[in-house]
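# Observations on the three-dimensional arrangement
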Amino acid sequence: MGKRDRRRKRQRAKQKAAAKQQCVSAGTSAAPERVLYPSSTAPLIELHFNDNITDDAKALCRAYWEFAQPGTWARNVAEIGQATFVSRTVRTACRVSLLTVVCPECTAPLTVTSRSEMSATGHWNDAFPHDPVSARAACQDCRESARIEAAAAAALEKQRAAQAAEKKIESASRWLASSLQADEPLAYPEPRQALALLALSDILQSGNLESFGPLKSLKYTITGSAGGDIELVREMYQEHWLAATTPASLDSFAFNEDGKATSMYLDAVSWRFPRWLGPTTREATIAVTKQLRDYLTGHTAAVAQIVQQLEAGMAVDYLNGLLTSRYDETPIPEHRLPDAHDFALKAIQNGYALEQVIAVAWSAAASSVAWGQRTPGLKPGAVASASVTNLERRIGFAKDRPVPHYDVPNSVSRPAMHGTAVRFLAEREEAGAALALFKTLHQRINSRDALELDHDLADSLAAEREPFDRDTWLADLLEGKEQPDHTPTLTFASVLPTGLLSIQTATIRQMHLEVGAMSEGLPLDGTATLDALVPVFENRETHKSNPVATRMIELLGGGYGIVNGTVVFFQTQKNGHSPRGLDDEHQALIRAAHTAATTSASHSAE
């Protein structure tokens, strides 16, 4: 027992003694009668009445607490009155002090309010102590005091915990804010990392999400394994291509004694692209998609190799799952996993599809299990190891034989970056084919003889005799004059800002109006027999850009930069710029240029 506890006991005892002394001195003329049992000469308990108690209630209390020998009451409760009424009256009207049973904390007599409480002390028997003994439990005042002290200590501890939590929240918030505001990196990531980031971009855009993760809650992987995903976010976080964000909890961070965040659990927080790419998640996601697609366009061969490696890993996962789940065999030994991956990778590199490697893996597993059933006494892992050997052999046997295609079962994990990579390669192939077709047509037209390009068309002669006078047309328009349209009819192509291409037949005036009131001719130096009309705006930023037409102009050999609004393409003579109608071959060239431009523009904008 410490000094503080002894001091508290002395203070309580003094307070109780002072209260009793005050009661004695308050009425010297009429001191209250003490009610002592079993006798006033050898009292064991003292009955105290509460204030404002009737004489009947006092009489009932006396009858309730009276006894001659400890352990036996003078009257049963039923002899006094109705049990509920008696119990309620006694509890509200009086209390009893056990004069020889003292509180172990303050040494004051223990107080009870009913016979059941008296029995609970353990002293209500013929061995009732005549000398002071300590009670087994503290008195009500001490218990209440202890409860108040405990409540105060708990409140103080709760306040301290809340302050510590607030401090941690502020530190974690600063950590996340610093991550979002990270500086732009100095270099692009490696192709594999860029492909994984592109997969994350696809996930955010397809799900219209503000963030993805935490990694430990995902039901899929990005790279093919949980460890690979953690390594990816660690590297991309350090290189400022990924930023940690909410939702996140304090359990996602480690703190020092001062409440400062010192580290972060990478699989326990959510992720998004940092704000150097864009202020919102959507803008940042669109920006990173364009940048990484453009970057990976120059690393298409590396993307193809990544797809092969991922598919080899999927084939090994299928073989391993087949052994453990279907045949109840041990998994492939750790030292044979690299061999299995190499065998599957070589098969894919030699032209086998993933579905064919799956078929070969199924055959290798089935034959190995059959061998194990025929051969007793094999060591654990022998069948799984044999399946790797059989995989190599059966891939070699299948070189000159047809191999079926087996669907990849849903049990095989599909890394998110695999689907992204496959789509990227398909788009590159589509864009390459479109560009190749355009180049073929473009070269054919440019290599034609000059005489073949000088068409003797009626609308060509008419165009030279009566050209469209834009200044006169504008003046008449301002004066409200309606000028008849006598300009020749020709076939031209227009490209809207949305990228839509249309081949139209109209007059030269209507062709100019398709572009706008103000336009200028744009010679396409790379295609001597084509020109373009582009609109002229005082403020180009207020008009939508036309990326498809911009790319078409680049393909056709024009150096105008980014164009806005609707753009028109028309045919000309090789040595002049008078408008001519597009013939079939030039229409085919325009369509090919549009397809090539649309493919590259749409893939970059996704």
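Fair warning: this is a prediction, and the values are worked out from it, not measured in the lab.

## Considerations on the packing of aromatic side chains
In this description, a pair of aromatic rings is defined by centroid distance and the angle of the planes. All told, the structure shown has 14 aromatic pairs when counted by the stated rule. On the numbers, 6.0 Å between centres and 70° between planes, the contact of Trp175 with Phe253 is edge-to-face. Of the two residues, Trp175 is situated in helix α6 (residues 140–180) and Phe253 in strand β9 (residues 253–255); the sequence distance between them amounts to 78 residues. Cluster of aromatic residues (ring-pair linked, three or more members): Tyr37, Tyr64, Trp65, Phe67, Trp73, Trp124 and Phe128.

## Here we look at the pairing of strand β10 (residues 261–264)
In the sheet, β9 pairs with β10 via three bridges, with the strands oriented antiparallel. Note that in β10 the partner of Phe255 across the bridge is Ala261. The hairpin turn running from β9 into β10, its antiparallel successor, is five residues long, and Gly259 in that turn takes a positive phi close to 80°.

## A word on helix α19 (residues 547–555)
Taken as a whole, α19 has its buried residues at Val548, Ala549, Thr550, Met552, Ile553 and Leu555. Directly beyond the C-terminal end of α19, a positive phi value near 95° is found at Gly557.

## Considering the confidence of the model for the protein
Mean pLDDT over the protein stands at 85; residues scoring 70 or higher make up 87%. Across residues 449–465, where pLDDT falls below 50, the model places 24 contacts with residues more than four positions away in sequence or in other chains. Across residues 602–606, confidence stays below pLDDT 50; counting only partners more than four residues off in sequence or on other chains, it has 13 contacts.

## Considerations on the nonpolar core
In terms of nonpolar packing, the biggest core is built from 41 residues, with Leu197, Leu200, Leu242, Trp271, Phe273 and Leu296 touching the most fellow members. Considering every element that reaches this core, the biggest residue donor is helix α7 (residues 191–207), with nine residues. Ignoring anything within four residues of it in the chain, the contact list for Leu242 reads Ser179, Leu197, Leu200, Phe212, Val233, Met236, Tyr237, Trp271, Arg272, Phe273 and Pro274. With 33 residues, the next largest nonpolar core counts Ala312, Tyr318, Ile395 and Val408 among its residues.

## Re unusual backbone geometry
A cis geometry characterises the amide bond from Tyr37 onward to Pro38, with omega recorded as 5°. Within the fold, Pro38 resides in the loop between β1 (35–37) and β2 (45–49). Between Gly213 and Pro214 the backbone carries a cis peptide bond, its omega angle lying at 0°. You can see Pro214 is positioned in the loop between α7 and α8 (226–238). The phi dihedral of His240 falls on the positive side, at around 70°, and the residue is not glycine. Assignment of secondary structure puts His240 in the loop between α8 and β8 (243–245). The exposure class assigned to His240 is partly exposed, which follows from its relative accessible area of 28%. Positive phi, normally seen in glycine, also occurs at Asp328, with a value near 55°. Tracing the backbone shows Asp328 in the loop between α10 (300–326) and α11 (337–349). With relative accessibility at 67%, the residue Asp328 sits in the exposed group.

## Quick notes on the packing of helix α2 (residues 55–65) against helix α4 (residues 83–93)
Helix-helix packing is characterised by the crossing angle of the two axes and by the distance between the axes. The contact between α2 and α4 brings their axes to 10 Å, and the two run at 105°. Taken together, α2 and α4 sit at an angle that is classed as roughly perpendicular. Residue-level contacts link Ala57, Leu60, Cys61, Tyr64 and Trp65 of α2 to Phe85, Val86, Thr89, Val90 and Ala93 of α4. The residue makeup of the contact of α2 with α4, split by class, is nine nonpolar, one polar and no charged.

Here is what the cut-offs are and how they apply
- Residues numbered from 1 in each chain as written.
- Predicted model: local features only at pLDDT ≥ 70, side-chain atom pairs only at ≥ 80, totals over all residues.
- Heavy atoms only, no water.
- Phe/Tyr/Trp six-rings, centres within 6.5 Å; stacked < 30°, edge-to-face > 60°.
- Helix = DSSP H or I, 4+ residues; strand = E, 2+ residues; numbered from the N terminus.
- Pairing = 2+ DSSP bridges.
- Buried < 20%, exposed > 50% of the residue type's maximum accessible area, 1.4 Å probe, protein only.
- pLDDT = per-residue confidence, 0-100.
- Contact = heavy atoms within 4.5 Å.
- Core = buried A, V, L, I, M, F, W, Y, C linked by side-chain atoms within 4.5 Å.
- Axes fitted to C-alpha atoms, helices over the stretch in contact; angles between N-to-C directions.
- Parallel < 35°, antiparallel > 145°, perpendicular 65-115°, else oblique.
- Nonpolar A, V, L, I, M, F, W, Y, C, P; charged D, E, K, R; others polar.

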